[in-house]
Amino acid sequence: MPEPTSTTAAVTMVAAGVSIPVLSAFGVPLGLRADLLIAGFFGSLVAIILLNSVPSTGDTWEQLVRTTMRRMFVAFASSVTAGYLTPLVLLLSSIPDPLLLSVAFATGGGAQKVLMSIISRISGQGGAS
């Protein structure tokens, strides 16, 4: 079999490497990229672990399970927020494309505080801390 030396084979290989698969659920494309979700998830873990964004409420089994579930939902919501908002942030600001994953990481880490402040401003209750 001859080596693919034609330009169409090279263009096909380059195009296959450039395309990024988008996640889908039940056959419906969600518009989420896996790399942004993972970067946002790690950002939320840093916020939960280092910044204590979801503090524990006590030492009983019930409170530990409640805190664990809350932390898991915050990590999930932060990663989805990073997945959807990072392309918008890059579009609205003049941040170059190579910084896409670091912006997703920062969005995942600050999603809880940023969303709370935006919701409080929209609802007219002033700036939240």
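Heads up: the structure comes first, above all this text.
Description of the structure in this document. All values reported here derive from a predicted model rather than from experimental measurement. Throughout this document, residue positions are counted from 1 along each chain, in the order its sequence is written. Where local features are concerned, this predicted model is filtered to residues with pLDDT of at least 70; where side-chain atom pairs are given and counted, the filter is 80 or more; whole-chain, interface and lining totals use all residues. Based on all heavy atoms of the structure, the side-chain values leave hydrogens and waters out of the count.

What about the packing of aromatic side chains?
Stacked, tilted and edge-to-face are the three classes applied to pairs of Phe, Tyr and Trp rings, where Trp contributes its six-membered ring and a pair requires centres within 6.5 Å; stacked means planes under 30 degrees apart, edge-to-face means over 60, and tilted covers the rest. Within the structure shown, the criterion is met by one aromatic pair. Between the aromatic rings of Phe41 and Phe42, the centroid separation amounts to 5.9 Å while the plane-to-plane angle is 55°, which identifies the pairing as tilted. A simple rule labels every residue: compare its accessible area, found with a 1.4 Å probe on the protein chains alone, to the largest value its type can have, and call it buried under 20%, exposed over 50%, or partly exposed in between. Judged by its relative accessible area of 34%, Phe41 falls in the partly exposed class.

Looking at the packing of helix H2 (residues 34–49) against helix H3 (residues 61–92)
Axis lines are fitted through C-alpha atoms, for helices just across the contact stretch, and the angle between N-to-C directions can take any value from 0 to 180 degrees. Labels follow the DSSP assignment, with helices taken as runs of H or I lasting at least four residues and strands as runs of E lasting at least two, numbered in each case from the N terminus. Packing of H2 against H3 brings their axes to within 7 Å, and their N-to-C directions diverge by 135°. By the criterion of interaxial angle, the relationship of H2 to H3 is oblique. Seen from above, H2 lies across H3 with right-handed handedness. Seen from H2, the contacting residues are Leu36, Leu37, Gly40, Phe41, Ser44 and Ile48; seen from H3, they are Arg71, Val74, Ala75, Ser78, Ser79, Val80, Ala82, Gly83, Thr86 and Pro87. We call two directions roughly parallel when the angle between them is under 35 degrees, roughly antiparallel when it is over 145, roughly perpendicular when it lies between 65 and 115, and oblique otherwise. Crossing chirality is assigned from the near helix's rotation relative to the far helix, an anticlockwise turn below a right angle marking it left-handed and a clockwise turn marking it right-handed. Note on definitions: a residue-residue contact is assigned when non-hydrogen atoms from the two residues lie within 4.5 Å.

Considerations on empty space enclosed by the protein
Only protein atoms enter the 1 Å grid used here. Points where a 1.4 Å probe fits but cannot escape make up a cavity, open sets with protein on both sides within 12 Å along at least five of seven lines make up a pocket, and a residue lines them when an atom lies within 4 Å of a point. Grid points are joined across faces, edges and corners, and a volume is the space filled by probe spheres set on the points. The full count for this structure, using the stated rule, is one cavity of 30 Å³ or more. Its boundaries defined by the atoms lining it, the largest cavity holds a volume of some 30 Å³. Lining the largest cavity, in full, are Ser44, Ala47, Ile48, Ser53, Val74, Ser78, Gly108, Gly109 and Gln112. Of all elements in the fold, only H2, H3 and helix H4 (100–123) reach the threshold of two or more residues within the lining of the largest cavity. Only Asp, Glu, Lys and Arg are considered charged, only Ala, Val, Leu, Ile, Met, Phe, Trp, Tyr, Cys and Pro nonpolar, and every remaining residue, Gly among them, polar. Of the residues assigned to the lining of the largest cavity, the class counts are three nonpolar, six polar and no charged.

Topic: the pairing of strand E2 (residues 28–33)
Two strands are counted as paired when DSSP detects at least two bridges linking them. Here strand E1 (residues 22–25) pairs with E2 via three bridges, running antiparallel. Within the sheet, the bridge partner assigned to Ala25 lies in E2 and is Val28. Hairpin connection, E1 to E2: the antiparallel pair is bridged by two residues, and Phe26 has positive phi, about 55°.

Concerning the packing of H2 against H4
Where H2 meets H4, the closest approach of the two axes is 6 Å, and the angle between their N-to-C directions is 45°. With respect to their mutual orientation, H2 and H4 come out oblique. The hand of the H2/H4 crossing is right-handed. Of the residues in H4, those touching H2 at Asp35, Leu36, Ala39, Gly40, Phe42, Gly43, Ser44, Val46 and Ala47 are Leu100, Leu101, Ala104, Phe105, Gly108 and Gly109. Across the contact of H2 with H4, the residue classes break down as nine nonpolar, five polar and one charged.

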